[in-house]
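Examining the three-dimensional arrangement
Here are the chains, one letter per residue:
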Amino acid sequence: GLNRDIVVQETESVENYLKTIWDLETRTGRAITGDLARCLEVAPASVTGMLKRLSTRGLIKYRPYQGATLAAEGRRTAVRVVRRHRLIETFLVEVMQVPAGLVHDEAERWEHVISDDMAERMDVLLGRPLVDPHGAVIPRDEDPEPGAGS
């Protein structure tokens, strides 16, 4: 129903923010509101509101005008989503024979809905690949250090 749809959208939005903060933090040391707004294609005011919510939930460390960095729980979630995304891209290319240029948008949808068990099964089936089809490192859940890429 409607409530479930709202919860799913909220979870997806939170995961996208955390993943984007992880990526920006990897490249520049922190995620600044303007960069997040640009990457996520939302208004800076929306970003500020979400950063405050994520901070209240203990997922990020946020200081107005300073930007955001991930707290431990936020980092774990971000790495899990990035890991799923890159495994899905690899699965789509290797198993389903989808051209690499077409897998990103599909992986964006799947990354929020597959279980940890399915991600693990994909990893095993694929022979525990180290990189996705674009050459980006596939992080391990137990290895929360950021890696560059899609």
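For the structure itself, look to the data block above.
The following refers to the structure shown.

**With respect to the nonpolar core**
If you look at the biggest cluster of nonpolar residues, it comprises 21 residues, and the most contacted ones within it are Leu18, Ile21, Leu36, Leu51, Leu54, Ile60 and Leu70. Listing elements by their share of this core, those giving two or more residues are α1 (2–28), α2 (33–40), α3 (44–56), β1 (60–63), β2 (67–70) and α4 (72–94). Setting aside anything within four residues of it in sequence, one finds Leu54 in contact with Val14, Tyr17, Leu18, Ile21, Leu59 and Ile60. Formed by 12 residues, the second largest nonpolar core is a distinct cluster that contains Phe91, Val93, Ile114 and Leu126.

**Observations regarding the packing of α4 against helix α6 (residues 116–125)**
Running from amino to carboxyl end, α4 crosses α6 at an angle of 45°, the nearest separation of the two axes being 10 Å. With respect to their mutual orientation, α4 and α6 come out oblique. When you trace α4 past α6, the crossing you get is left-handed. For the pair α4 and α6, contact is made by Arg80, Arg83, Arg84, Leu87, Ile88 and Phe91 and by Asp116, Ala119, Glu120, Met122, Asp123 and Leu125, respectively.

**Examining the pattern of salt bridges**
Counting across every chain of the model gives 17 salt bridges. Glu108 is the salt-bridge partner of Lys19, the closest N and O atoms lying 2.8 Å from each other. Of this pair, Lys19 sits in helix α1 while Glu108 sits in helix α5 (residues 103–110), and the two are 89 residues apart along the sequence. Judged by its relative accessible area of 23%, Glu108 is partly exposed. Its salt-bridge partner being Glu120, residue Arg83 comes within 3.5 Å of it at the nearest N-O pair. Pair noted here: Arg83 is in helix α4 and Glu120 is in helix α6, with a separation of 37 residues, a long-range link. For Arg83, a relative accessible area of 4% gives the class buried.

Criteria and thresholds
- Residues numbered from 1 in each chain as written.
- Predicted model: local features only at pLDDT ≥ 70, side-chain atom pairs only at ≥ 80, totals over all residues.
- Heavy atoms only, no water.
- Core = buried A, V, L, I, M, F, W, Y, C linked by side-chain atoms within 4.5 Å.
- Buried < 20%, exposed > 50% of the residue type's maximum accessible area, 1.4 Å probe, protein only.
- Helix = DSSP H or I, 4+ residues; strand = E, 2+ residues; numbered from the N terminus.
- Contact = heavy atoms within 4.5 Å.
- Axes fitted to C-alpha atoms, helices over the stretch in contact; angles between N-to-C directions.
- Parallel < 35°, antiparallel > 145°, perpendicular 65-115°, else oblique.
- Left-handed = near helix turned anticlockwise from the far one by under 90°.
- Salt bridge = Lys/Arg side-chain N within 4 Å of Asp/Glu carboxyl O.

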